[in-house]
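Tertiary structure, described
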Amino acid sequence: MLGVSGLIWIKRNYKVVLLTVLFSTLASLFFPLNVHPGFVENDSIATAVSAFFFIDSNDDLSLSITISAMMFVPLIPLLSVFKRDYGTELWYCITRYRSRKSWFFKKTGSVLFLSFVSTAVYFVTISASVISKGVLSFGFFRKNVSLLLWFFALRFFFNAFFALLLNVVSIAVKLRYIVAIGVILVLGSGMASVAELKLGFSNSINPYVHATYYFHAQTVEFERSIVDPYIFENITLEKSAVYFVLCIALILLAGMILNDRLDIGILEEE
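**Brief notes about the overall build of the protein chain**
Helices and strands together make up the secondary structure of the protein chain, namely 12 helices and 0 strands. Mapped in sequence order, the helices and strands of the protein chain form the string α-α-α-α-α-α-α-α-α-α-α-α. Within the protein chain, the proportion of its 270 residues that are buried is 49%. Excluding contacts between residues fewer than 6 apart, the proportion of contacts in the protein chain whose partners are at least 24 apart in sequence is 73%.

Now the structure itself:
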């Protein structure tokens, strides 16, 4: 039954699924891999972290802007998941469910699924690139499954966090403003990380920081000399997972409250 429901959902939402795959692929293809022969030992964890998260730059600010921009691109097709039901058809869409909460959680599930698809496409494409270019071997991936799962989890959390946040904001804000708000929040998060590093912060509530493996305390385990300027000593991978779960829970709580209190009659068709 669940499989049938999933196929029906994909049939109804195939356009957004295809756009999610397209934007995620483009973001990963246009993300220049940070490959420096001799900089780190080939087929090492340091190489993997560098290739998956950083590009060649001598300017920390431009680096953070470029990376956060590439992280925002895959989010674009996800920003209108809630809003597609708004306008003259919203009352019909909501009344198909037992309550507004049912509608809200159905849309939340769609956002989470699309976030997963976006993350999966990104990592498949990046992994294929680093293997084909000889940066890492296939054997490295088999030996470091837990590392790659953390890479995947952090990017998924980032996508889900911002996609849900912006969809909840879209309940009360016109769609034409959502992309601009998203750009400001995601790029601002990236730029704020530079300021936090310069100020020597050991902890952070910045989602960009928590989504980037390179900033975590565990990085000292594989290359102390490289990561010294780039870690937040009190942030571990486990803390970041808890951070994102709590943030997403708060976003959903705020979204439910806003969804229940919003007067459907005043919503305008976008």
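Alright, that's what it looks like, and here's the rest.
**Considerations on the nonpolar core**
Of all hydrophobic cores here, the largest spans 43 residues; its most connected members are L75, F82, F104, F157 and F158. Broken down by secondary-structure element, the contributors of at least two residues to this core are helix 2 (14-29), helix 4 (60-72), helix 6 (100-132), helix 8 (145-169), helix 9 (175-198), helix 10 (207-211) and helix 12 (237-261). Here this core takes 11 residues from helix 8, the largest share from any one element. For F82, the residues in contact, after removing those within four places along its chain, are W103, F104, K107, T108, V111, N167, V168, S170 and I171. Ranked by size, the runner-up nonpolar core spans 18 residues in total, among them F123, L136, F140 and Y213.

**Here's the deal with the side chain of H210**
If you trace the backbone, H210 turns up in helix 10. Overall, H210 belongs to the buried group, its relative accessible area being 3%. Among the polar contacts made by the side chain of H210, one reaches the main-chain carbonyl oxygen of S204 at a distance of 2.7 Å. Apart from residues no more than four positions distant in its own chain, H210 is found in contact with L154, S204, I205, H216, I235, S240, Y243 and F244.

**Focus: helix 8**
Relative to the 36 Å expected for 25 residues at 1.5 Å per residue, helix 8 spans 36 Å between its end C-alpha atoms, a close match to the ideal helical length. Of all 25 residues in helix 8, 18 are buried; the element is thus mostly enclosed.

**Considerations on the packing of aromatic side chains**
The geometry of an aromatic ring pair is captured by two quantities: the separation of the ring centres and the angle between the planes. Across all of its chains, the model carries 17 aromatic pairs by this definition. Between the aromatic rings of F161 and F162, the centroid separation amounts to 4.9 Å while the plane-to-plane angle is 90°, which identifies the pairing as edge-to-face. Judged by centre distance (5.6 Å) and plane angle (80°), the ring pair of F215 and F232 falls under edge-to-face. On the criterion of sequence distance, the pair formed by F215 in the loop between helix 10 and helix 11 (224-227) and F232 in the loop between helix 11 and helix 12 is long-range, its members being 17 residues apart.

**Some words on the side chain of N259**
Tracing the backbone through its elements, the reader meets N259 in helix 12. Taking relative accessible area as the criterion, N259 reaches 5% and is therefore assigned buried. Beyond its immediate stretch of four places on either side in the chain, N259 contacts R100, K101, W103, F104 and I171.

**Structural notes on the environment of Y230**
Among the structural elements, Y230 can be located in the loop between helix 11 and helix 12. Judged by its relative accessible area of 24%, Y230 is partly exposed. For the pair Y230 and V194, spaced 36 residues apart in the sequence, the C-alpha separation amounts to 9.3 Å. What Y230 contacts, discounting residues up to four positions off in sequence, is D60, L197, Y214 and F215.

**A word on a nonpolar patch on the surface**
A cluster of nonpolar side chains, namely L19, L22, L26, L29 and F30, defines an oily patch on the protein surface of about 490 Å² accessible area. Mapped onto the elements of the fold, L22 is located in helix 2.

Conventions used here
- Within every chain, residues take consecutive numbers counted from 1 along the sequence as written.
- Only residues with pLDDT of 70 or above have their local features reported here, since the model is predicted, and side-chain atom pairs are shown and tallied only from 80 upward, although totals for entire chains, interfaces and linings are computed over all residues.
- Derived side-chain values reflect all non-hydrogen atoms in the structure, with water molecules and hydrogen atoms excluded from consideration.
- Only DSSP runs of H or I covering at least 4 residues are called helices, and only runs of E covering at least 2 are called strands; the numbering of each starts at the N terminus.
- The buried label applies to any residue whose accessible area, calculated with a 1.4 Å probe on protein chains only, is under 20% of its type's maximum; exposed applies above 50%, and partly exposed to all values in between.
- Residue contacts are defined here by distance: any two heavy atoms, one from each residue, within 4.5 Å place the two residues in contact.
- What we call a nonpolar core is a set of buried Ala, Val, Leu, Ile, Met, Phe, Trp, Tyr and Cys residues that are connected through their side-chain atoms within 4.5 Å.
- Polar contacts, as counted here, are pairs of nitrogen or oxygen atoms within 3.5 Å of one another; within protein the pair requires one atom able to donate a hydrogen and one able to accept it, and residues that are adjacent in sequence qualify only if both atoms are side-chain atoms.
- Take the residue count of a helix, subtract one, and multiply by 1.5 Å to get its expected span.
- Stacked, tilted and edge-to-face are the three classes applied to pairs of Phe, Tyr and Trp rings, where Trp contributes its six-membered ring and a pair requires centres within 6.5 Å; stacked means planes under 30 degrees apart, edge-to-face means over 60, and tilted covers the rest.
- Within this analysis, patches are made of residues with over 30% relative accessible area and no salt bridge. Like charges are joined at 9 Å or less; nonpolar side chains (Val, Leu, Ile, Met, Phe, Trp, Tyr) at 5 Å or less.
- In this description, accessible areas are obtained by the Shrake-Rupley approach with a 1.4 Å probe, and a residue is regarded as covered only by the protein chains that are shown.
- A pair is scored as a salt bridge if a Lys or Arg side-chain nitrogen falls within 4 Å of a carboxyl oxygen belonging to Asp or Glu.

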